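An overview of the molecular structure
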Amino acid sequence: MSKEKILEKSFLLIALSSISILALIAFFIFQQGIPLMWKVGLNSFLLGDRWFPSKESFGIFPMIVGSFWVTLGSLIVGVPLGMACAVFLSELTHPTIAMILRPMIQLLAAIPSVIYGFWGLIVLVPLIRDSLGGPGLSILAGSLVLGIMILPTIISISEDSLRALPRTYKEGAFSLGATHWQTIWRVLLPAARSGIVASIILGMGRAIGETMAMIMILGNATQLPNSILSSARTLTTNIGIEMGYASGDHRQALFATGVVLFFIIMGLNSLALILSRKGRA
Amino acid sequence: MKISRHHTQGLAKGVIWVAAFSTLAVMFWILYQVLREGLPLLNLGFFLQAPRQMGRAGGIFSTIIGTLALTVVAIIIATPLGVGTAIFLREYTRESRVSRIIRFGTDCLAGVPSIIFGLFGFVFFVIFLRMGWSILSGGLTLASMILPTIISTAEEAIKSVPYTYREVSFALGGTRWQTIRKVVLPNAIPGILTGVLLGVGRSVGETAAVILTAGSSFITPDSLFSPIRTMAVHFYILAREGISMEMAYATGAALILLILAINTVANWMMYRYVHKA
């Protein structure tokens with residue numbers, strides 16, 4: 001075999017080993033988690049509302065509900081803000097100013113999640129406790145912080161898809177006498193729809209996957225939350241809090257929580273990839 | 001009174017301006033809140049002393065060493081893998097089934113939450129490969145985590161090298177490998193380094209995956225198999241367990257300064273080399 005052929009094969013090997021990490025992750029997490037799901041029963045694991053590891057009671061329904069509410073809350077905060085920023089950067093501001101602002105949005109993505117959690121803990125939690133009552137450590141606080149954390153994902157992908165639109169769309173709308181805003185609202189945003197939806201789904205994935213910030217501000221109660229002011233626990237925080245000391249079945253139950261999380265994330269990722277591919281075509 | 005479409009436009013644009021500036025304002029609020037309390041507490045002693053009394057006193061020296069060690073291991077492992085993958089995707093294959101699978105795999109890997117990387121690193125590196133809670137386990141876990149970032153930036157960088165450069169090299173009788181090594185890579189280096197720096201930033205700020213794989217001991221490490229505590233983990237433990245708010249603020253401020261520095265350099269490089277090309 002020639003030197004060139006050998007090199008080509010080695011690069012293929014490197015590329016395959018890079019993605020084999022994904023397979024390894026799936027294999028090891030499933031291998032640890034699935035036996036316990038089997039033992040407890042899939043139904044009572046997913047829909048059981050009691051999580052008492054010391055009594056061998058492993059129901060993660062409260063965490064599924066917690067993840068759901070916090071993620072929904074983060075979208076309510078993050079989607080309108082993110083869309084507004086994307087429109088602002090691509091349509092309303094001078095390209096030079098957009099070029100200065102863009103790295104700042106990037107910085108929002110680079111701030112470590114523990115810093116967000118800390119800010120939520122010292123600013124939002126006392127604010128909510130004093131003005132709305134309850135413990136302060138709550139779904140509301142978590143949603144607000146997560147809503148900010150998913151902004152960079154939503155803004156950058158939505159802005160890219162807005163800027164990728166052909167100029168002719170805008171020119172056509174203007175020549176029909178539409179105002180700039182009518183063009184944005186009726187022409188540009190609908191045309192960039194699939195990219196925007198993909199950005200929201202990826203933001204959702206980030207929100208569901210966030211751990212450390214949520215441990216710090218959700219309060220981590222294992223009961224079913226009954227209002228946005230009650231404390232909650234998500235799938236990720238369940239793992240993050242207890243992994244440090246869990247063993248035996250308890251540890252396996254945390255891996256099983258990871259299996260559920262993995263499936264949700266893979267579903268969302270695939271959906272976003274399909275949508276963004278459709279947008280490009 | 002009928003609202004004209006020009007009024008609607010004014011209103012809508014106004015709302016968007018307010019939303020965009022509130023986003024920036026919140027970002028500055030977050031940074032300011034930590035820096036205001038933390039910056040005055042930073043001094044040389046804080047950086048050079050070991051933590052004492054669980055972090056209530058002393059400094060953060062061992063956690064700086066821990067952060068550095070973990071990041072270096074992650075970068076040393078992820079860079080060749082990531083750049084190699086990008087070279088394969090851009091130089092050795094056109095759109096094919098293999099390249100689509102690899103792209104799908106890296107895109108999915110990019111979306112995997114850090115706590116899942118933590119679980120994986122714990123069961124694979126710490127237990128299965130018997131590395132224990134160590135710099136090596138943590139570094140390998142972080143390397144898997146930053147790999148997608150490095151692959152996608154390296155791919156962009158390689159893509160931005162004009163095709164004519166390659167044609168000239170081939171016309172002069174250069175082989176594919178010579179072209180990659182002597183023409184493509186030298187021109188792609190700034191872009192690749194930007195990706196590496198972004199990876200450094202992610203490694204420095206990561207907590208969930210690190211705490212499960214590298215432990216949280218703040219004894220200064222003496223080998224790759226020593227457990228360590230990073231600055232981010234130290235900050236988390238100080239704040240969450242309420243050990244010392246003062247120390248938490250100071251560590252948080254140091255962490256923010258480091259992240260700001262890394263990102264500024266990465267952005268400057270991106271602006272200077274990548275977009276100009």
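Residues numbered from 1 in each chain as written. Chains lettered and ligands numbered in written order. Predicted model: local features only at pLDDT ≥ 70, side-chain atom pairs only at ≥ 80, totals over all residues.

A look at the overall build of chain A
Helix and strand content of chain A: 13 helices and two strands. Projected onto the principal axes, the alpha-carbon positions of chain A cover approximately 75 × 70 × 30 Å. Within the span of chain A, comprising 281 residues, buried residues form 51% of the whole. (Helix = DSSP H or I, 4+ residues; strand = E, 2+ residues; numbered from the N terminus. Buried ≥ 20, exposed ≤ 12 C-beta atoms within 10 Å, placed from the backbone.)

What about the overall build of chain B?
Looking only at helices and strands, one finds 11 helices and two strands in chain B. The N-to-C order of helical and strand elements in chain B reads α-α-β-β-α-α-α-α-α-α-α-α-α. Expressed as a percentage of its 277 residues, the buried residues of chain B come to 49%.

Some thoughts on the domain arrangement of chain B
Residues and elements named next belong to chain B. As far as domains go, chain B holds domain 1 (5-41) and domain 2 (44-274). Put simply, the middle of domain 1 and the middle of domain 2, counted by C-alpha atoms, are 30 Å apart. Of the residues lining the interface, seven residues belong to domain 1; the matching set on domain 2 comes to seven residues. (Domains from an automatic or database assignment. Contact = placed C-beta atoms within 7 Å.)

What to know about helix H1 (residues 5-38) of chain B
Side chains that are three or four residues apart share a direction in an α-helix, a result of its 3.6 residues per turn. A rise of 1.5 Å per residue sets the reference length of H1(B), with its 34 residues, at 50 Å; its end C-alpha atoms lie 49 Å apart and thus fit the reference within 8%. Within the sequence span of H1(B), burial applies to Ile16(B), Ala20(B), Thr23(B), Ile30(B), Leu31(B), Val34(B) and Gly38(B). (Expected span 1.5 Å × (residues − 1).)

Remarks on the confidence of the model for chain B
All names here are of chain B. With 98% of its residues at a pLDDT of at least 70, chain B reaches an overall mean of 92. Within chain B, the lowest mean pLDDT, 85, falls on strand S2 (residues 57-58), and the highest, 96, falls on helix H5 (residues 114-128). In the predicted complex, the global pTM is 0.94; the interface-specific ipTM is 0.94. (pLDDT = per-residue confidence, 0-100.)

Some words on the interface of chain B and chain A
Residue-level contacts link 63 residues of chain B with 64 residues of chain A. No other element matches H1(B), which puts 17 residues into the side of chain B that touches chain A. Taken together, the residues that form the side of chain B that touches chain A break down as 39 nonpolar, 19 polar and five charged. (Nonpolar A, V, L, I, M, F, W, Y, C, P; charged D, E, K, R; others polar.)

Some details on the nonpolar core
By size, the foremost hydrophobic cluster in this structure holds 171 residues, and its most contacted members are Ile115(A), Ile217(A), Ile116(B) and Leu119(B). The dominant element in this core, judged by the number of residues it contributes, is helix H3 (residues 61-92) of chain A, at 14 residues. Counting contributing residues per domain, this core is built from domain 1 (5-41) and domain 2 (44-274) of chain B, each supplying no fewer than three. When near neighbours in sequence (up to four residues on either side) are disregarded, Leu119(B) contacts Ile29(A), Ile239(A), Phe255(A), Gly258(A) and Leu212(B). (Core = buried A, V, L, I, M, F, W, Y, C linked by C-beta atoms within 7 Å.)

Concerning unusual backbone geometry
Positive phi outside glycine occurs at Asn220(A), with the angle close to 65°. By the element assignment, Asn220(A) lies in the loop between helix H11 (212-217) and helix H12 (235-242). Positive phi is not limited to glycine here, since Met54(B) has a value of about 60°. In this structure, Met54(B) sits in the loop between strand S1 (51-52) and S2.

Description of the environment of Pro126(A)
Its location among the elements puts Pro126(A) in helix H5 (residues 113-132). On a C-alpha basis, the gap between Pro126(A) and Leu137(A) in space is 8.5 Å, while along the polypeptide they are 11 residues apart.

Quick notes on the packing of helix H3 (residues 61-92) of chain B against helix H8 (residues 176-205) of chain B
All names here are of chain B. Between H3 and H8, the least distance of the axes is 9 Å, while the angle of their chain directions is 140°. Relative to H8, the element H3 lies oblique. The element H3 and its partner H8 pack so that their crossing is right-handed. Contact with H3, carried on its side by Thr67, Leu70, Thr71, Ala74, Ile75, Ala78, Thr79, Val83, Ile87 and Glu91, involves Arg176, Ile180, Val184, Ile192, Val196, Gly199, Val200, Ser203 and Val204 of H8 and no other residues of that element. Residues that form the contact of H3 with H8 fall into these classes: 12 nonpolar, five polar and two charged. (Axes fitted to C-alpha atoms, helices over the stretch in contact; angles between N-to-C directions. Parallel < 35°, antiparallel > 145°, perpendicular 65-115°, else oblique. Left-handed = near helix turned anticlockwise from the far one by under 90°.)

Looking at the packing of H5(A) against helix H10 (residues 231-240) of chain B
Running from amino to carboxyl end, H5(A) crosses H10(B) at an angle of 20°, the nearest separation of the two axes being 10 Å. In terms of axis orientation, H5(A) runs roughly parallel to H10(B). Seen from above, H5(A) lies across H10(B) with left-handed handedness. Listed contacts from H10(B) to Val114(A), Phe118(A) and Leu121(A) of H5(A) are Ala232(B), Phe235(B), Tyr236(B) and Ala239(B). By residue class, the composition of the contact of H5(A) with H10(B) is seven nonpolar, no polar and no charged.

Notes on the environment of His250(A)
All names here are of chain A. Structurally, His250 is set in helix H13 (residues 248-280). His250 sits in the partly exposed class, given 16 other C-beta atoms within 10 Å. Taking the C-alpha atoms as reference points, His250 and Leu151, separated by 99 residues in sequence, lie 35 Å from one another.

Remarks on the environment of Gly66(A)
Residues and elements named next belong to chain A. Position of Gly66 among the secondary structure elements: in helix H3. In sequence terms Gly66 and Gly136 are 70 residues apart; their C-alpha atoms lie 16 Å from each other. Aside from chain neighbours lying at most four places away, what touches Gly66 is Pro225, Ala232, Arg233 and Thr234.

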